[in-house]
Amino acid sequence: MKAIVIGGGIGGMCAALALEQSGYQTEVYEAVKTIRPVGAAISIWPNGVKCLNFLGLKAQLQALGGNMAFMAYNDFRHGQTLTRFSMTPLVESVGERPYPVARADLQAMLLDRYGAQRVNFGKRVSHIEQDATGVTAWFEDGSEARGDFLIAADGTHSVIRPSVTGQRAERRYAGYVNWNGLVSIDETIAPADQWTTFVGEGKRVSLMPVSGNRFYFFFDVPLPQGLAEDRSSVKADLARYFSGWAEPVQRLIAAINPETTNRIEIHDIDPFPQLVKGRIALLGDAGHSTTPDIGQGGCAAMEDAVVLALTLQAHSLGIEDALRRYEARRVDRVKDLVLKARKRCDVTHGKQPEVTRAWYEELKRETGERILSGMQETIVGGPLA
Ligand code: FAD
């Protein structure tokens, strides 16, 4: 049995690895010649970590992951700590650590494991067709590939999605812009073993440690869509949006490299009920696009990959039956993650200013218990809980 996997991002590579582990042949087709991930890093929460462990990547991931032993929220203006707590209760309750990882490192780890030379780069799918025995994909260069089934991991702008759902999905602007990148760890900005977030005015500035003595940083600002801002004005833009913010934030703005700082208008897509049609399955952002507010988009793609492979392995009534079971196991989970992230997004980014102000007040009373229990609930909803 052979799967055609479209897309060589986190979702596609995890799917290919999981399927091969379950005894399926795979061919991966990736549109671009060199993958340049949209963000600088990603936090892989224990539900995602367990999926990568399952794929045999435990030691590699541990080597790439930052030590996020503590979590803290700081006031935006004076930088004083609103709350700070250890992540240990979460780690002990779910049985695994979270690992923030640079995306380039994560992508290289997945490609190495699969064999980068086996990925068909520069192959952009234009359309697909299925029949009673398999699926054919046609590429823009005129070539084609055929498999017994097809996994569409072609991201949030998926060209395959409409042939599964029967309609074009509208991406929804979430109301804020995110700048992100990597910078050398500087403990005058934040502790090296902590996820630190400065909050105020519906904005946030966050730092997470990753390997190589680096912080993954991001800035969020609620803004209208389509502003003419780019790399050339990053520092001036951030200095303006974060004028009056605490000294560590100013130091971070001074330290960032505009050439490697990404600016992204954040979107999601209303959850939809179809992930499968016949022999075609959507996976990762192609099947569920979320805002990054609970850091679960990539983790959900990892979960999809593991559930897909386990479901195919466990059932013997044919591909279509197994894919329907994959859909049934994933559809509520991914809907829940998208909607949870959307809710978090609105509170964090001042959609209703009084709600956001109440959250800032709540943070002053937070012991860690409430935040960690919310995270735990999300994590234990994963397939390897
Ligand atoms: P993608 O990474 O988009 O990969 C799709 C691949 O398909 C691409 O390589 C693309 O070139 C290829 N492709 C596209 N069209 C075609 C075609 N027609 N033919 C062939 N190939 C094609 N998630 C987390 O878990 N934790 C986080 O902390 C986190 N932070 C985030 C921060 C930001 C700012 C953003 C934007 C997202 C974040 N996410 C996070 C979400 C995460 O990045 C995505 O969910 C994840 O990258 C999805 O992987 P994917 O493989 O499904 O899609």
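Look a little higher up for the structure.
Nothing here was measured: the structure is a model prediction, and the numbers come from that model. Residue numbering note: each chain is counted from 1, following its sequence as written. Where totals are concerned, whole chains, interfaces and linings use all residues; where local detail is concerned, this predicted model gives features only for residues with pLDDT of at least 70, and gives and counts side-chain atom pairs only at 80 or more. To get the side-chain values, all heavy atoms of the structure are used, and hydrogens and water are removed first.

### A few points about the pattern of salt bridges
What counts is decided by this rule: In what follows, salt bridge is the name for a side-chain nitrogen of Lys or Arg lying within 4 Å of a carboxyl oxygen of Asp or Glu. Only DSSP runs of H or I reaching four residues or more are called helices, and only runs of E reaching two or more are called strands; each is numbered from the N terminus. Relative accessibility thresholds used throughout: buried, under 20% of the residue-type maximum; exposed, over 50%; partly exposed, between the two (1.4 Å probe, protein chains only).
Across all of its chains, the model carries 27 salt bridges by this definition. Linking D220 and R204 is a salt bridge whose minimum nitrogen-to-oxygen distance equals 2.6 Å. On the criterion of sequence distance, the pair formed by D220 in strand β15 (residues 214–222) and R204 in strand β14 (residues 203–210) is long-range, its members being 16 residues apart. Here D220 falls in the buried class, since its relative accessible area comes to 0%. Across the pair K351 and D346 runs a salt bridge whose closest N-O atoms are separated by 3.8 Å. Taken together, the salt bridges that share partners define one network made up of E229, D237, R240, R263 and E265.

### Quick word on the site of the ligand
The condition is simple: The nearness test applies per residue and asks whether one of its heavy atoms lies within 4 Å of the molecule or strand. What qualifies as a polar contact is a pair of N or O atoms within 3.5 Å, subject to a donor-acceptor requirement within protein and to the restriction that residues adjacent in sequence count only when both atoms come from side chains. In short, Shrake-Rupley with a 1.4 Å probe defines the accessible areas, and a residue's cover is counted only from the protein chains shown.
Among the 30 residues in the neighbourhood of the ligand, the closest are listed as G11, E30, S43, R103 and D285. Interatomic distance of 2.6 Å between a side-chain N/O atom of E30 and an oxygen atom of the ligand. Within the contact set of the ligand, a nitrogen atom lies 2.9 Å away from a backbone nitrogen or oxygen of V125. Coverage of the ligand by the protein chains reaches 86% of its 1,000 Å² of free accessible surface. Of all elements in the fold, only α1 (10–21), β2 (25–30), β3 (41–44), β12 (171–184) and α9 (297–314) reach the threshold of two or more residues within the shell around the ligand.

### Structural notes on helix α8 (residues 247–255)
An α-helix turns once every 3.6 residues. As a result, residues three or four positions apart point the same way. Put simply, the rule is: Relevant arc is that of directions from the helix axis to the C-beta atoms, nothing else. Pairs of residues are marked as contacts when any of their non-hydrogen atoms sit within 4.5 Å.
Turning to α8, its buried residues number three or more, namely P248, V249, L252 and I253. Down the axis of α8, the sector holding all buried residues measures 140°, keeping them to one side. Packed against the buried residues of α8 are β12, β13 (194–200), β14, β15 and α7 (234–241).

### Things to note about the sheet that holds strand β18 (residues 280–282)
Strand pairing in a sheet takes place through backbone hydrogen bonds and is either antiparallel or parallel in direction. Threshold: In short, DSSP must find at least two bridges between two strands for them to pair.
Strands sit in the order β7-β2-β1-β11-β18-β17 across an open sheet of six strands; the sheet is mixed. Looking at the sheet topology across the chains shown, the edges are occupied by β7 (120–121) and β17 (276–277). Relative to β18, β17 runs antiparallel, the two sharing two bridges. Of the residues in β18, the one forming a bridge with K277 is I280.

### Digging into the pairing of β12
Every regular strand shows the same layout, with side chains that alternate between the two sheet faces. In the sheet, β12 pairs with strand β16 (residues 262–269) via seven bridges, with the strands oriented antiparallel. For V177, the partnering residue across the bridge sits in β16 and is E265. Pairing of β12 with β15 involves nine bridges; the strand directions are antiparallel. Residue pairing for β15: V177 is matched across the bridge by V221.

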